[in-house]
Amino acid sequence: MTAAIVLAAGRGERMGANVDKAFLSLGPKPLVAYSLLAFESCADIDAIVLVVRRNRMTASRELCRRFGILKLVKIVSGGATRQDSVRAGLSALPPEAALVAIHDSARPLVTPALISATVRSARETGSGVAARRIVDTVKVVERGNVAVSTPDRSKLWAVGTPQTFRTELIRRAYDAVADAGRTVTDDSGALEFIGEAARLVEWQKPNLKVTVAEDLTVTGELLRI
Ligand code: CTP
Ligand code: MG
């Protein structure tokens, strides 16, 4: 079976003023509901584990009921960092989940087709990471605002979520990262830490991460709500 971990335990600090980003309204629904509904309607997903802040556990249960998230198997409380929240989700997976799709609820434009593409890749190769080729030229800045070099753009991809893996592989990777006292900012970074290359799944449609307040407006327009 394939399970999903939907992460919604962040603090949303860059949104400003003490908001709980995952529960902010985006048109008619809270932000986290868009991702939950995409996984609910994806035929390749069998179970959903939702990770939220402790004070949102009850509200989350109610939200899943309201939006008909029948694949929900567990709601767990997250940790101080994204990595801690992912590990909390991994610990809560049903034992029969051979594959796991990890997703940031801050990306509400995720679609069942994108989820399926990452699952297919993970089934075949062990991993499938939503990614796009970088269109901007990227600068390396060592200090202040002084650009010191320009990496070869043809080698640069931006990764997002979902990131789907064989469960055994991503567990082993995160255990190694934790044992070494390290932090990674995305799941495929944990794979790299154990010397495993992650497979990227090219996705050109918008999949932006709601980070600052303006992103909610843009996302609402893309969703036409
Ligand atoms: N996340 C989480 N637990 C954390 C930190 C982040 O579950 N301790 C989740 C967020 O809910 C989000 C995703 O990881 O869906 C990506 O994180 P980000 O966009 O950085 O969200 P926040 O951490 O909430 O925002 P900020 O960094 O501005 O505080
Ligand atoms: Mg964050």
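From a predicted model like this one, the values you see are computed outputs, not experimental measurements.

(A) Region of interest: helix H3 (residues 82–91). For H3, the set of buried residues is Gln-83, Ser-85, Val-86, Gly-89 and Leu-90. The buried residues of H3 occupy one face: seen down the axis, they fall within an arc of 160°. Packed against the buried residues of H3 are strand E1 (2–8), strand E4 (47–52), strand E5 (72–77), strand E6 (99–104), helix H5 (167–179) and helix H6 (187–193).

(B) The arrangement of unusual backbone geometry in detail. Put simply, Thr-161 and Pro-162 share a cis peptide bond, and its omega is 10°. Take Pro-162: it is sitting in strand E10 (residues 157–166).

(C) Broad picture of the packing of H3 against H5. Relative to each other, H3 and H5 sit at 135°, their axes nearing to 11 Å. As far as their axial angle goes, H5 and H3 are oblique. Crossing geometry of H3 relative to H5 is assigned as left-handed. Counted together, Arg-82, Gln-83, Val-86, Arg-87 and Leu-90 of H3 and Ile-170, Arg-171, Tyr-174, Asp-175, Val-177 and Ala-178 of H5 form the full contact between these two elements.

(D) Spotlight on helix H1 (residues 31–40). For H1, the tally of buried residues reaches nine of 10 residues, placing the bulk of the element in the interior. Within H1 the residues assigned to the buried category are Leu-31, Val-32, Ala-33, Tyr-34, Ser-35, Leu-36, Ala-38, Phe-39 and Glu-40.

(E) Expanded view of the site of ligand 1. Around ligand 1, 18 residues are found, and the nearest of them are Gly-12, Glu-13, Arg-14, Gly-79 and Ser-85. The contact in question runs from an oxygen atom of ligand 1 to an N or O atom on the backbone of Gly-10, over 3.0 Å. The backbone of Ala-80 places a nitrogen or oxygen atom 3.2 Å from a nitrogen atom of ligand 1. Against a free-state accessible area of 560 Å², the protein chains account for coverage of 88% of ligand 1. Elements that contribute at least two residues to the shell around ligand 1 include exactly E1 and H3. Residues that form the shell around ligand 1 fall into these classes: five nonpolar, six polar and seven charged.

(F) Structural detail: the pattern of salt bridges. Summed over the entire model, instances satisfying the criterion amount to nine salt bridges. Among the salt bridges present, the one from Arg-56 reaches Asp-20, with a minimum N-O distance of 2.8 Å. Separated by 36 residues along the polypeptide, Arg-56 in the loop between E4 and helix H2 (57–66) and Asp-20 in the loop between E1 and strand E2 (25–26) bring together distant segments of the chain. A salt bridge links Asp-44 to Arg-123; the nearest nitrogen and oxygen atoms lie 3.6 Å apart. Of this pair, Asp-44 sits in the loop between H1 and E4 while Arg-123 sits in helix H4 (residues 112–125); the two residues are 79 residues apart in sequence, bridging distant segments of the chain. What makes Arg-123 partly exposed here is its relative accessible area of 46%. Where salt bridges share partners, they join Arg-82, Asp-104 and Asp-187 into one cluster.

(G) Quick peek at the sheet that holds E1. A sheet is described by the order of its strands in space; here seven strands give the open sequence E5-E4-E1-E6-E10-E7-E11, paired in mixed fashion. Only two strands of the sheet have a single neighbouring strand rather than two, namely E5 and strand E11 (200–202). On average, each strand axis in the sheet is inclined to that of its neighbour by 25°, with strand direction left out of account. Bridge count for E1 against E6 is six bridges, and the pairing is parallel. Bridged to Thr-2 within E6 is Leu-99. The strands that H4 touches are E1, E6, strand E7 (127–133), E10 and E11; relative to E10, the one it contacts most, it runs at about 60°. Its contacts with the sheet place H5 against E6 and E10, and it is angled at close to 115° to E10.

(H) Spotlight on the layout of surface pockets. Volume-wise, the largest pocket comes out at about 840 Å³. Around the largest pocket, the lining is made up of 34 residues, and of these Gly-10, Arg-14, Lys-21, Arg-82 and Lys-209 lie nearest the centre. Considering each element in turn, the lining of the largest pocket owes the most residues, four residues, to E10. Partitioning the lining of the largest pocket into residue classes produces 10 nonpolar, 14 polar and 10 charged.

About the thresholds
Residues numbered from 1 in each chain as written. Chains lettered and ligands numbered in written order. Predicted model: local features only at pLDDT ≥ 70, side-chain atom pairs only at ≥ 80, totals over all residues. Heavy atoms only, no water. Buried < 20%, exposed > 50% of the residue type's maximum accessible area, 1.4 Å probe, protein only. Helix = DSSP H or I, 4+ residues; strand = E, 2+ residues; numbered from the N terminus. Arc of directions from axis to C-beta. Contact = heavy atoms within 4.5 Å. Axes fitted to C-alpha atoms, helices over the stretch in contact; angles between N-to-C directions. Parallel < 35°, antiparallel > 145°, perpendicular 65-115°, else oblique. Left-handed = near helix turned anticlockwise from the far one by under 90°. Near = heavy atom within 4 Å. Polar contact = N/O pair within 3.5 Å; in protein donor to acceptor, adjacent residues only side chain to side chain. Areas by Shrake-Rupley, 256 points an atom, 1.4 Å probe, with all protein chains shown as cover. Nonpolar A, V, L, I, M, F, W, Y, C, P; charged D, E, K, R; others polar. Salt bridge = Lys/Arg side-chain N within 4 Å of Asp/Glu carboxyl O. Pairing = 2+ DSSP bridges. 1 Å grid on protein atoms, 1.4 Å probe; cavity = no way out; pocket = protein on both sides within 12 Å on 5 of 7 lines; lining within 4 Å. Points joined across faces, edges and corners; volume = space filled by probe spheres on them.

None of the figures reported here should be taken as evidence of function without further support.
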